[in-house]
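Descriptive analysis of the structure
Read off the chains here:
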Amino acid sequence: MNHHSPALTSPAATSAAASGLRMRGITLDVQDGSQRRRILDSVDLDVAAGEVLGITGPSGSGKSTLLAVAGCLQAPTAGRAQLLLGGDTPETTVELGRDTGRAAARIRRNHIGFVFQQPNLWPALRVTDQLRAVSRLDRVLPLPRSARRAVDARAAELLEAVGLADMGARRVGELSGGQQARVNVARALMNRPQLLLVDEPTAALDTASGTQVTQLIERMARDNGAATLYVSHDAEQLAALNRVLTLVDGKVA
Ligand SMILES: Nc1ncnc2c1ncn2[C@@H]1O[C@H](COP(=O)(O)OP(=O)(O)OP(=O)(O)O)[C@@H](O)[C@H]1O
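Residues numbered from 1 in each chain as written. Predicted model: local features only at pLDDT ≥ 70, side-chain atom pairs only at ≥ 80, totals over all residues. Heavy atoms only, no water.

1. Regarding the overall build of the protein chain
Within the protein chain, the secondary structure is distributed over seven helices and 10 strands. Taking 18 Å as the expected radius of gyration for a compact globule of 253 residues, we find that the protein chain reaches 18 Å, a close match to that expectation. Referenced to the eigenvectors of the C-alpha coordinate spread, the extents of the protein chain come out at roughly 50 × 45 × 40 Å. Partitioning the contacts of the protein chain with sequence separation of at least 6, the portion at a separation of at least 24 is 73%. Summing over all exposed atoms, the protein chain offers an accessible surface of approximately 12,100 Å²; the carbon and sulfur share of this is 48%. Across the protein chain, the 29 positively charged side chains and the 25 negatively charged ones have centroids separated by 7 Å. (Helix = DSSP H or I, 4+ residues; strand = E, 2+ residues; numbered from the N terminus. Rg over C-alpha atoms; globule rule 2.2 N^0.38 Å. Contact = heavy atoms within 4.5 Å. Areas by Shrake-Rupley, 256 points an atom, 1.4 Å probe, with all protein chains shown as cover. Lys, Arg positive; Asp, Glu negative; His and termini not counted. Charge placed at Lys NZ, Arg CZ, Asp CG, Glu CD.)

2. Details of the pattern of salt bridges
By the definition in use, this model includes 10 salt bridges. For the salt bridge of Arg-22 with Asp-88, the shortest nitrogen-to-oxygen distance reads 2.9 Å. On the criterion of sequence distance, the pair formed by Arg-22 in strand β1 (residues 19–32) and Asp-88 in the loop between β4 (78–85) and β5 (93–96) is long-range, its members being 66 residues apart. Overall, the relative accessible area of 14% leaves Arg-22 in the buried class. Its relative accessible area of 53% is what places Asp-88 among the exposed residues. In this structure, the salt-bridge partner of Arg-37 is Asp-32, at a minimum N-O distance of 3.5 Å. Using a relative accessible area of 41% as the deciding quantity, one classes Asp-32 as partly exposed. (Salt bridge = Lys/Arg side-chain N within 4 Å of Asp/Glu carboxyl O. Buried < 20%, exposed > 50% of the residue type's maximum accessible area, 1.4 Å probe, protein only.)

3. Some thoughts on the site of the ligand
In the vicinity of the ligand, the contacting residues are Val-30, Arg-37, Ile-39, Pro-58, Ser-59, Gly-60, Ser-61, Gly-62, Lys-63, Ser-64, Thr-65 and His-233. Within the side chain of Ser-59, a nitrogen or oxygen atom sits 2.6 Å from an oxygen atom of the ligand. Here an oxygen atom of the ligand and a side-chain polar atom of Lys-63 are 2.7 Å apart. Here the ligand has 640 Å² of accessible area as a free molecule, and 62% of this is covered by the chains. At three residues, helix α1 (residues 63–70) tops the list of elements feeding residues into the shell around the ligand. Of the residues that constitute the shell around the ligand, the class distribution is three nonpolar, seven polar and two charged. (Near = heavy atom within 4 Å. Polar contact = N/O pair within 3.5 Å; in protein donor to acceptor, adjacent residues only side chain to side chain. Nonpolar A, V, L, I, M, F, W, Y, C, P; charged D, E, K, R; others polar.)

4. So, the environment of Ala-70
Examined against the element boundaries, Ala-70 turns out to sit in helix α1. Residues Ala-70 and Leu-158, 88 residues apart in the sequence, show an inter-C-alpha distance of 24 Å. Among all residues touching Ala-70, those that are not within four sequence positions of it are Met-23, Leu-96, Ile-112, Leu-195, Leu-197 and Leu-229.

5. Details of helix α3 (residues 127–134)
Val-127, Thr-128, Gln-130 and Leu-131 are the residues of α3 that are buried. Buried residues in α3, looked at end-on, bunch into an arc of 160°, giving them a common side. Buried-residue contacts for α3 involve α4 (145–161) and α5 (177–188). (Arc of directions from axis to C-beta.)

In structure tokens, the structure reads:
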């Protein structure tokens, strides 16, 4: 695996990494009344495993739509989105954005973590149970004890990594906004995704907590080897990232 930062020759597409996200020529047209509208226009980008790429741009420039394509929630009209898992071969490549049905749901469950501004945590559920609830192992009932232990160990490891080691038994409704954002990041990484998609995670936080969450996302992306797209409007948060791509009218500016 290549954990080196790619050379900063271009803000978007960089030298190919053996692991990470590769998007080429991503174009999305939608029917808007009687007109065809181009929401994304030939977007190229690379994000190596463990690296964070900031995505910014004016409202309506296509940032969330780009995340939706990478997250198999929206199939592009043209172009290719691929998640490389250690080589550029069919066996080590997950094709993203080809369809949005059950195969896409499986890809999301196995390979993609999402962090949104609205964390969608259950306020009455304990922190550890939030993490247990998204584990794909929870789908097989009854769980063998060894699998349950593996899930609990992963949850404990992540809570420690995000600085909430003592909070596992707390109910989410009792946590501060910054702590909830941390639970949100931990939960997104439960299934060891190789791709992490983050949309405005600091919008509801003050600057200091926002900065901590951004630093946390960078560290967790690196430590977990997750290629990460980080959408934000917040200049302060973006300034902390090594690479930022700006979209204007669906194009890389
Ligand atoms: N399926 C769709 N049908 C019609 N229009 C769409 C569709 N998906 C997105 N759009 C339009 O595409 C444009 C880009 O939307 P998108 O949400 O990606 O922008 P954004 O950069 O994330 O904006 P914001 O910063 O406000 O969240 C918007 O004008 C939106 O209304």
